[in-house]
Amino acid sequence: HRRAKVGTKLYVGRSTKFFYDANVVIQYLLSCCDTSICVSSYAGFLALLRYLNFPMPSLFLSFTVKFDTCREDEVVGFESSDPSFNVRMDGSIYTERDVSNLSEPVQFMVTARSSPDMPIWETTVKLALAGYSPPTSQPLVPFGRLWHGGWDGVHKVNQELGIITFPQKQLTGSSGLRRQKRDWVIPPINVPENSRGPFPQMLVSIRSDQDRQIQIRYSITGVGADQPPNEVFSIDPVAGKMFVTKPLDREERSSYHLRAHAVDMNGNKVENPIDLYIYVIDMNDNRPEFRNQVYNGSVAEGAKPGTYVMKVTANDADDDTTANGMVRYRILSQSPHSPIPNMFTINSETGDIVTVAAGLDREKVSQYTIIIQATDMEGNLNFGLSNTATAIISVTDTNDNPPELTARTFSGEVPENRVNIVVANLTVIDRDQPHTQNWNAVYRIINGDPSGHFTIHTDPVSNDGMVTVVKPVDYEMNRAFMLTVLVSNQAPLSDTTQSSQQSTAGVTISVVDVNEPPFFPSNPKLIRFEEGVPAGTTLTTFAANDPDRFMQQIVRYSKLADPANWLNINATNGQIITTAMLNRESPFVKNNIYEATFLAADNGSPPASGTGTLQIYLIDVNDNAPELVPKEAQVCERINSNPINITAADADVDPNVGPFVFELPAFPSSVRRNWTISRLNGDYAQLSLRIQYLESGVYDVPVIVTDSGNPPLSNRSVIKVKVCPCDENGDCTTIGAVAAAGLGTGAIIAILICIIILLTMVLLFVVWMKRREKERQTKQLLIDPEDDVRDNILKYDEEGGGEEDQDYDLSQLQQPESLDHIISKPPGVRRVDERPVVSESQYPIRPVVPHPGDIGDFINEGLRAADNDPTAPPYDSLLVFDYEGSGSTAGSVSSLDSSSTGDQDYDYLNDWGPRFKKLADMYGGGDDD
């Protein structure tokens, strides 16, 4: 049918199954169809199968001639020109007589009419018996000897067998109208892949009806001809024979669409192009390929038969619509064979692996290795290609083995009063997979520990149960514990395992007696006493109990902490006695409570001790008189300006404090004459002037304050009041405040004059220092500033002379044999040639150089001392200012004239280099002279 979908499979035959691509059939059917008429011919289909060398169906089926008027609602009537055949309303053709003796094909006309006013549609049907072969050596072309219906008659197409002829373009109807007839749809050309040739191999011949009148040139275009891949197909331009030039591979390309062209020698189109479809016939040249070489799956132990395990998949590059690409699976081997060799099976078509037998036990076999074979040709081992893969199936663990305690009883011991220690280890065996919930043990104490002294933790590595003490045990209460322990897993047992198989064991825990420290029953212990209790008073007995009832021990008491050192304790009976009076107002009392700590120790082995705290609540008594607050104040010298608010502070507590009574004493009388007190409330009063004016100054005003205790206590306090003149705001002025402090106007003026004199002296001293510094800086030097060499002296650590100074006499630097003439020399600047031994100063007395500018005076003074020395020899000698030791290797410099006069040539200094340039300029006869 024209509307048939490409890729549809047609089932032909009953005894044998063949599947044919609908492309082949559809292209053939379309070749017999007009614009609106579609004919399906089973005989033509058989001819097509013969042409393709396909196997023939074993059963002849009827076929249907279908006329489509393009009007779905109209009814079409059919008539056959051969009475031996009848066409029903649905287009089915049936025989009216026996046609089994037909020796050659039968041909007749079928007419279709939808209504009297509509045109008549005709087509030619040619029938042949199944298995009929035309009497020719050439293959039967599907379009050879077929008839195609027109508008008003039948047009016969004479086609040579094996030749594709370009169709005629125009047809003339009975009414004289001319219409465009649609082109032929050429049946596809099938070429087997991997053909061995020889190449080029002819496929088909193409010719035009006009080749008898003019010369025709043929060509083909499309993929495989003039488009990549090029030159797969070629055509003889003169004979029209089309060839394939090399083997084809369906897996690379399964079909080709070419167009055949016919032109004259001038290149003018003679015929419309026709479409050529070339299909590559699949051959079984590819093995199935598994997606993975190793597949991993898992199945729970104890799984029932039919449990899905995993799926394997193999792909075959061949055509999966044919047997070449139809893969089937099977299991080749299973390892190990326990409990049976065939624990698994595989679906041959889908590759699903399932269990086929019960008995999977991870504790016996934890993993199976299965070799799977995939074979194409629907699993035909004789003709199909095969490949193998490995499936590894892991048997996952289920909790089918309850944990079992290794012993029926366990034992341990625990010291009393110890916690968080392991007292016993419980060992267990579990055959399930380690370190999983099926293996992890959970221990529970189900009997023997009603108070919850023990718990059992699981060791995550060994799975052992560690019995741990979480609440202290007392030997005097329980000497031993008999525990019953139940062990299970974190995961519940599987359905196949009975819960009665859970394991239990008894655990005996012995309590070890240890020396426990004494303890005070009441700790802390609170007692109440009034403050002021005298020394030697017995307050209470603070005794401790020894919990070791089965040990004969003696408890001794001592004082551990007593901040105020008020208490003492009897060492044998714990009696508390005061050693000083208790004072609630002491800084060691916090919130009326005084605390002391005592120690109770026994004589056990080893000794043990405990502490207890005694708290003494001190009840207040009225033993502290109130104090006036504030101690100092100031007030204006005029009445009713700014009164002073006064109150009282009392170290006692209620009811021994306020309300207070404030009053002025009767003596001296001036107090009540100048001052007055007015009560504000129970705790506050105001002190103010009674008279209109009081001279500025500081006044000590006594005030008597009385508390409300029983009996009440009074205190005479003095408040220093500064009376001063005030401004309009009622505040004391600065002068007034000073005057009030006791200084007169004369004293204030004297202080100011002293301050001014002191500042003047400081200013004069600073001016004098500046002037003196300026004079020192402006003093003239011995030489001009441009000849000052102070900043040009370079130190090279050289003590010897140069090369020209090696002939000097160095004996003058040596230590002389005698020192008599040195000792008898008068003090002052000496000329010596040896080390001095006398105690007086060895250096010439010279004034302190205040500034480097006086170096000229220093040199001139030294020259004068040398010239005026009566003991100087008639030659220049070295003035020794410091002794540097004997044996100096320095040459003599006695050739230098120590006098400031005399003629000597210093021009040779210009030849000594840049180091002596400054000396040459100063003393030589250079250009600067």
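Residues numbered from 1 in each chain as written. Predicted model: local features only at pLDDT ≥ 70, side-chain atom pairs only at ≥ 80, totals over all residues. Heavy atoms only, no water.

In the annotation of an unreviewed UniProt entry, the entry for the chain reads Cadherin-4, and the organism field reads Scleropages formosus. Comment text from UniProt for the chain, heading Function (unreviewed entry), reads "Cadherins are calcium-dependent cell adhesion proteins." (UniProt positions renumbered as here; feature names shortened; annotations may be inferred.)

(A) How the structure looks around the sheet that holds strand E47 (residues 627-629). Read from one edge of the open sheet, 4 strands run E47-E49-E52-E51, paired in antiparallel fashion. Of all strands in the sheet, those with a lone pairing partner are E47 and strand E51 (675-679), marking the two edges. Across the sheet, the mean angle separating the axes of adjacent strands is 35 degrees when strand polarity is ignored. For E51 and strand E52 (residues 685-689), the ladder comprises 5 bridges, and the chain directions are antiparallel. Looking across to E52, one finds that Ser-678 is bridged to Gln-686. (Pairing = 2+ DSSP bridges. Helix = DSSP H or I, 4+ residues; strand = E, 2+ residues; numbered from the N terminus. Axes fitted to C-alpha atoms, helices over the stretch in contact; angles between N-to-C directions.)

(B) Seen up close, the pairing of strand E21 (residues 269-281). Pairing geometry for strand E15 (residues 189-192) and E21, over 4 bridges, is parallel. Bridging across to E21, Asn-190 finds its partner in Tyr-279. Summarising the sheet, strand E20 (residues 255-263) and E21 pair through 8 bridges and their orientation is antiparallel. When the bridges of E21 are listed, Ser-255 appears paired with Tyr-279.

(C) Main features of the packing of aromatic side chains. By the definition in use, this model includes 11 aromatic pairs. Between Phe-290 and Tyr-295 the ring centres are 6.4 Å apart and the planes differ by 70 degrees, which places this aromatic pair in the edge-to-face class. Given the relative accessible area of 7%, Phe-290 is considered buried. Both rings, one in Phe-520 and one in Phe-542, keep their centres 4.4 Å apart while their planes meet at 25 degrees; by these two values the pair is stacked. You can see Phe-520 sitting in the loop between strand E39 (503-512) and strand E40 (525-530) and its partner Phe-542 sitting in the loop between strand E41 (538-541) and strand E42 (556-561), a full 22 residues away along the chain. (Phe/Tyr/Trp six-rings, centres within 6.5 Å; stacked < 30°, edge-to-face > 60°. Buried < 20%, exposed > 50% of the residue type's maximum accessible area, 1.4 Å probe, protein only.)

(D) Quick look at the state of the cysteines. Applying the stated rule across the entire model yields 2 disulfides. Between Cys-636 and Cys-726 runs a disulfide, and the two sulfur atoms are separated by 1.7 Å. Disulfide Cys-636 to Cys-726: torsion about the S-S bond roughly -105 degrees, handedness left-handed. Note that Cys-636 is positioned in strand E48 (residues 632-636) and Cys-726 in the loop between strand E54 (714-724) and helix H4 (734-740), a separation of 90 residues in sequence. What makes Cys-726 partly exposed here is its relative accessible area of 25%. Shown here is the disulfide that connects Cys-724 with Cys-732, its sulfur atoms set 1.4 Å apart. Ordering the disulfide-forming cysteines of the chain by sequence position, one finds them joined as 1-3, 2-4. (Disulfide = S-S within 2.5 Å.)

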